Amino acid sequence: MPSPMALNPPSRSPSIFKKKKSLSQLSSMATAASYLSAVHQADTRARSHDNFSVSSTPALSLSSSVTASSEDTVLNEDDENNCLAYPLTPPTSEQVFTTVHTEFGHCANEAYRCVSKHDYTKPVQEHTIEEPPYYILLTTYISYLILLCFGHMRDFFGKRFTKSYFTHLMPHDVCVQSSFLLNLVPMLPSNSFCTQGYAPLNSDFDSFYTRRLKRRMDDCFSQPVTGVAGRTIVILDRYSTDNNYTQIFTGSKTRALNISSYNYLGFAQARGGCADAVEESIRRYGVSTCGTRLESGSSELHVSAEALVARFVGMEDALISSMGFATNSTFIPALVGKGSLVISDEFNHASIRVGVRYSNAQVRMFKHNDMSSLESLLREVISQGQPKTHRPWKKILVIVEGLYSMEGTLVNLPRIVELKQKYKFLLFVDEAHSIGALGPHGRGVTDYFNIPPRSVDVLMGTFTKSFGAAGGYIAGPKVLIDTLRLRGHSGAYAEAMAPPVLTQVVSSMVSIMGVAPSSQPTKSTLALSPASSIATLRDSAEELPGMAPPSMLPTWMTLHPALADGSEARMRIRRLAFNSRYLHQGLKKLGFITYGHPFSPIVPLLIFNPGKMSMFSRMMRSRSTPIVVVVVAYPATPLVTSRVRFCVSAAHTKEDIDMVLRACDEVGGILDLKHGVGERWGIDEVCKRAVELVHSV
């Protein structure tokens, strides 16, 4: 069912696209019941053998089998003929899938895998911007000019003829009945009490963009959803009768392909080994520790999680925060202060900008991922010193992101490390989007480039994108981390991370690392550090490099073998690499202008014109198989580079990426979005030669 907010709200107009064949015409699996029966039979046949086939997909958890439940997470009444609910090809006796297909797609073809690592026989890819034709830029500027002119005209006449709609933007009077105030001031007269000249909370100039530009496409933003944000997502249908000033819910729901969520490794699941561990943690710890880390909010889960994070990223120590944004904004002021200099990439995240602003340090910016600009700036600031006094800087901190969320570009870490050794500055790398998603072992940009992690001074990351959780971490030398625990605002004022979230972090991270087999019993103790009053985990057993010792896991946490040995996570990392590379290269072959690194799970497709941006989102959502996308415009991006940002996941199958490419090919042809240079292929050729396309980059 297409969303009613498609093209002509509020009436439900038929889609402008031709409906695809129903699932019953494509496969003999006519109903959900027959599919679940086939899965059950295949599962029974496979488990009757001692050895599984090499091509089988490891199970997440025996207690989470798709054959054990047919609740709404698996299939709904609305999903009867929906190819998103179950795959078109039924499983064989050698393919055991115990993940819910709507949450994590079934794909046993080993050809659809790829390893994410840098090829040092080729230079690091520079950030290049492909320019569109001049008429695209001209029409984009004209579109914004028309919007601005008509918006200001409507404001001018509206403030004079329909003042009731502009009261919140104009100085106004406020009257309060004195009967309400008599209890406070008995001497007031028995009439209304008025105050004059109240200033508006929002000025018309500051809110102009929100009122006159963004509201026109508000149906493309803040889409309410329900259920699990996995491979698919269920959206709540809505429409507007007053030009998006308000939204009216219809009461119906639509399942759509989800290409918009930060779920890189597909751990956002309601069923599976991680979900089972989270459920057990709630029974043992509840849902909150009800305190800050420096008061009564620390538990053994926090201690083991911090030790695990430090081992995962290859640093000496780590601390965790309950909010990813606050990890930067509250701990950067504890790193630098007055007399220090921060050199920041011009496209760094807002959390970094807020943290630097609070620190009172001087700030200089260099061009995005431009190493020549960075080196030139370093020479200038080191030679000139502080302003006016020309004294040496107390410290120089260079802050970059591993993977930039709006551009999809990858930091040139090898070159920055060379500059660090030459100019002796401190290096802070934000790996919010790269940790877990890049590298052959999922350890981020240092793993991707095969650079020792400790060549970076501070590593920051979040648990939101690849681990299906929330919060963030900072890792570095133990002396530094102990100082940040005391000086960072999060330690003293922020609520400690909740136990269920911690358990999700630990279980997903351990599944990526793998648990080292213990040939003999190990002894582990919790030791208290007098300097920081923070417990640290000590393990006396020898540990396999890169793997987590069993002592780092809570004693009550039992993971399925496929999670414990790391095979499940390795499959996810390789699937993510293939999907990212396939979508990126497929869009280029279709003629679109895209940004970003080929291995980036963030794939921006340039739209430019603001009117096309909203139409792209609506047309993708109104297809026979709806696709939910994220469109991004100013101020998150430059004014004329509006874009749609695809977020690829390991949960997607090759057929899902085919579906996205076919939709983009059709919609992009209608909206005139194909302005890229280079060789172009047809959509059928792109889908047919996907493996060749991925490995030929």
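Quick caveat, the model's predicted, so the values are computed rather than measured. (Residues numbered from 1 in each chain as written. Predicted model: local features only at pLDDT ≥ 70, side-chain atom pairs only at ≥ 80, totals over all residues. Heavy atoms only, no water.)

## Some remarks on the overall build of the protein chain
Note the threshold: Numbering of helices and strands runs from the N terminus; a helix is a DSSP stretch of H or I covering at least four residues, while a strand is a stretch of E covering at least two. Residue burial is assigned from relative accessible area. The probe radius is 1.4 Å, only protein chains are included, and a residue is buried under 20% of its type maximum, exposed over 50%, and partly exposed in between. The contact criterion used is simple: two residues touch if any of their non-hydrogen atoms lie within 4.5 Å. The accessible surface values rely on the Shrake-Rupley method and a 1.4 Å probe; as for residues, cover is taken only from the protein chains in view.
Looking only at helices and strands, one finds 21 helices and 18 strands in the protein chain. Here the protein chain holds 697 residues, and the buried ones make up 55% of them. Summarising the internal contacts of the protein chain: among those between residues at least 6 apart in sequence, 74% fall at separations of at least 24. With an accessible surface of roughly 31600 Å², the protein chain has 56% of that area assigned to carbon and sulfur atoms.

## Side note on the packing of aromatic side chains
This is how the line gets drawn: Two aromatic rings from Phe, Tyr or Trp, using only the six-membered ring of Trp, form a pair when their centres are within 6.5 Å; if the ring planes differ by under 30 degrees the pair is stacked, by over 60 it is edge-to-face, and anything between is tilted. The criterion is that NZ of a Lys, or CZ of an Arg, lies within 6 Å of the ring centre and within 35 degrees of the ring normal, and then a charge sits over that ring.
Scanning all chains against the criterion turns up 12 aromatic pairs. Measuring from ring centre to ring centre gives 6.0 Å for Tyr448 and Phe599, while their planes differ by 70 degrees; the resulting arrangement is edge-to-face. Pair noted here: Tyr448 is in helix α12 (residues 445-449) and Phe599 is in the loop between α17 (567-590) and β15 (602-608), with a separation of 151 residues, a long-range link. With respect to class, Tyr448 is no different from Phe599; both count as buried. Seen in terms of ring centroids, Phe578 and Tyr582 are 5.9 Å apart; in terms of plane orientation they differ by 40 degrees. Their pairing is tilted. On the criterion of helical spacing, the pair formed by Phe578 and Tyr582 is a turn pair, its members being four residues apart in helix α17. On the basis of relative accessibility, which here comes to 0%, the residue Phe578 falls in the buried class. What links up through ring pairs into an aromatic cluster is the set Phe312, Phe463, Phe467 and Tyr473. Above the face of the Phe267 ring, Arg572 is positioned so that its terminal group lies 4.6 Å from the ring centre.

## Regarding helix α7 (residues 300-313)
Going by this rule: Take the number of residues in a helix, subtract one, and multiply by 1.5 Å to get its expected span.
Along its 14 residues, α7 runs 20 Å from first to last C-alpha, staying within 8% of the 20 Å computed at 1.5 Å per residue. Following α7 by one or two positions, Gly314 adopts a phi angle in the positive range, close to 80 degrees.

## A word on the pattern of salt bridges
We apply this condition: Counted as salt bridges are all cases of a side-chain nitrogen of Lys or Arg within 4 Å of a carboxyl oxygen of Asp or Glu.
Scanning the entire structure with this criterion turns up 31 salt bridges. Residues Glu375 and Arg415 are paired through a salt bridge, measuring 3.0 Å at the closest nitrogen-oxygen approach. Taken as a pair, Glu375 in helix α10 (residues 371-384) and Arg415 in helix α11 (residues 413-423) lie far apart in primary sequence, 40 residues in all. Classification of Arg415 as partly exposed rests on a relative accessible area of 28%. The residue Glu666 makes a salt bridge to Arg623 at a minimum N-O spacing of 3.0 Å. Of this pair, Glu666 sits in helix α19 (residues 654-671) while Arg623 sits in the loop between α18 (610-621) and β16 (627-628); the two residues are 43 residues apart in sequence, bridging distant segments of the chain. In this structure, a network of salt bridges that share partners links the residues Arg293, Glu306, Asp317, Lys478, Asp482 and Arg485.

## Quick word on the nonpolar core
Keep this limit in mind: Put simply, buried Ala, Val, Leu, Ile, Met, Phe, Trp, Tyr and Cys residues joined by side-chain atoms within 4.5 Å make one nonpolar core.
Counting 126 residues, the largest nonpolar core has Ile343, Leu413, Phe463, Tyr582, Phe616 and Phe646 as the members making the most contacts within it. Broken down by element, the residue count for this core peaks at 10 residues, all from α17. In contact with Ile343, not counting residues within four places along its chain, are Arg364, Phe366, Leu374, Leu377, Leu378, Val381, Ile396, Leu397, Val398 and Ile399. By size, the runner-up hydrophobic cluster in this structure holds 18 residues, among which are Phe331, Val336, Leu397 and Phe428.

## Re the packing of α17 against α19
We apply this condition: In this analysis, axes come from line fits to C-alpha atoms, helices being fitted only over the stretch in contact, and the angle between any two N-to-C directions falls in the range 0 to 180 degrees. In this scheme, roughly parallel covers angles under 35 degrees and roughly antiparallel covers those over 145, while 65 to 115 is roughly perpendicular and the rest are oblique. The sense of a crossing depends on the near helix, which, turned anticlockwise from the far helix by less than a right angle, makes the crossing left-handed and, turned clockwise, makes it right-handed. Any residue that is not Ala, Val, Leu, Ile, Met, Phe, Trp, Tyr, Cys, Pro, Asp, Glu, Lys or Arg is counted as polar, Gly included; the first ten are nonpolar and the last four charged.
Where α17 contacts α19, the axes come no closer than 10 Å and their chain directions differ by 25 degrees. Here α17 is positioned roughly parallel relative to α19, judged by the angle of their axes. The handedness of the crossing between α17 and α19 is right-handed. In this structure, α17 uses Phe578, Asn579, Tyr582, Leu583, Gly586, Leu587 and Leu590 to contact α19, whose residues at the interface are Lys654, Ile657, Asp658, Val660, Leu661, Cys664 and Asp665. Counted by class, the contact of α17 with α19 contains nine nonpolar, two polar and three charged residues.

## Focus on the sheet that holds β16
Quick note on the threshold: The rule for pairing is simple: two strands pair if DSSP sees at least two bridges between them.
Pairing is mixed across the open sheet formed by four strands, whose spatial order is β3-β4-β5-β16. Among the strands making up the open sheet, the edge pair consists of β3 (225-226) and β16. Direction of pairing for strand β4 (residues 232-239) relative to strand β5 (residues 248-258): antiparallel, over a ladder of seven bridges. Opposite Ile235, over in β5, you have Thr254 as the bridge partner.

## Re the pairing of strand β10 (residues 426-430)
Burial within β10 is extensive, with four of its five residues counted as buried. The sheet contact formed by strand β9 (residues 396-401) and β10 spans five bridges and is parallel. If you follow Leu397 over to β10, its bridge partner there is Leu426.

## As for the pairing of β9
Heads up, the rule is: A clockwise course of the path from the first strand over the helix to the second, judged with the strands pointing away from the viewer, identifies a crossover as right-handed.
The buried fraction of β9 is high, at six of six residues. Residues Ile396, Val398 and Val400 point to one face of β9 and Leu397, Ile399 and Glu401 to the other, with burial holding for every one of them. Relative to β9, strand β7 (residues 341-345) runs parallel, the two sharing four bridges. Bridge pairing in β9 places Ser344 opposite Ile399. Taken together, β9, α11 and β10 form a β-α-β motif whose crossover is right-handed.

## Focus on the sheet that holds strand β18 (residues 642-647)
Reading across from one edge, β15-β18-β17 is the order of the three strands in this open sheet, with antiparallel pairing throughout. Looking at which strands have only one partner, the edges of the open sheet turn out to be β15 and β17 (630-632). This sheet shows a mean twist of 30 degrees between the axes of neighbouring strands, independent of strand direction. Where β17 lies against β18, three bridges are found, and the strand directions are antiparallel. Across the sheet, the residue bridging to Val630 is Arg645, located in β18. Against the sheet, α17 engages β15 and β18, with an angle of about 25 degrees to β15.

## Regarding the side chain of His433
As a reminder of what qualifies: Polar contact is the term for a pair of N or O atoms within 3.5 Å; when the atoms are in protein, one must be able to donate a hydrogen and the other to accept it, and sequence-neighboring residues count only if both atoms are side-chain atoms.
Tracing the backbone through its elements, the reader meets His433 in the loop between β10 and α12. One polar contact links His433 to Tyr264, side chain to side chain, over a distance of 2.8 Å. Every residue in contact with His433, bar those within four places of it in the chain, is listed here: Tyr262, Tyr264, Leu403, Ser405, Lys465 and Ile602.

## Some points on the side chain of Asp447
Keep this limit in mind: Neither His nor the chain ends contribute to the count of charged residues, in which Lys and Arg are positive and Asp and Glu negative.
Mapping Asp447 onto the fold places it in helix α12. Although buried, Asp447 forms no salt bridge, and the nearest oppositely charged side chain, Arg443, lies 5.7 Å from it. A polar contact of 3.3 Å, which involves the side chain of Asp447, links it to the backbone nitrogen of Gly442. A distance of 3.3 Å separates a polar side-chain atom of Asp447 from the backbone nitrogen of Arg443.

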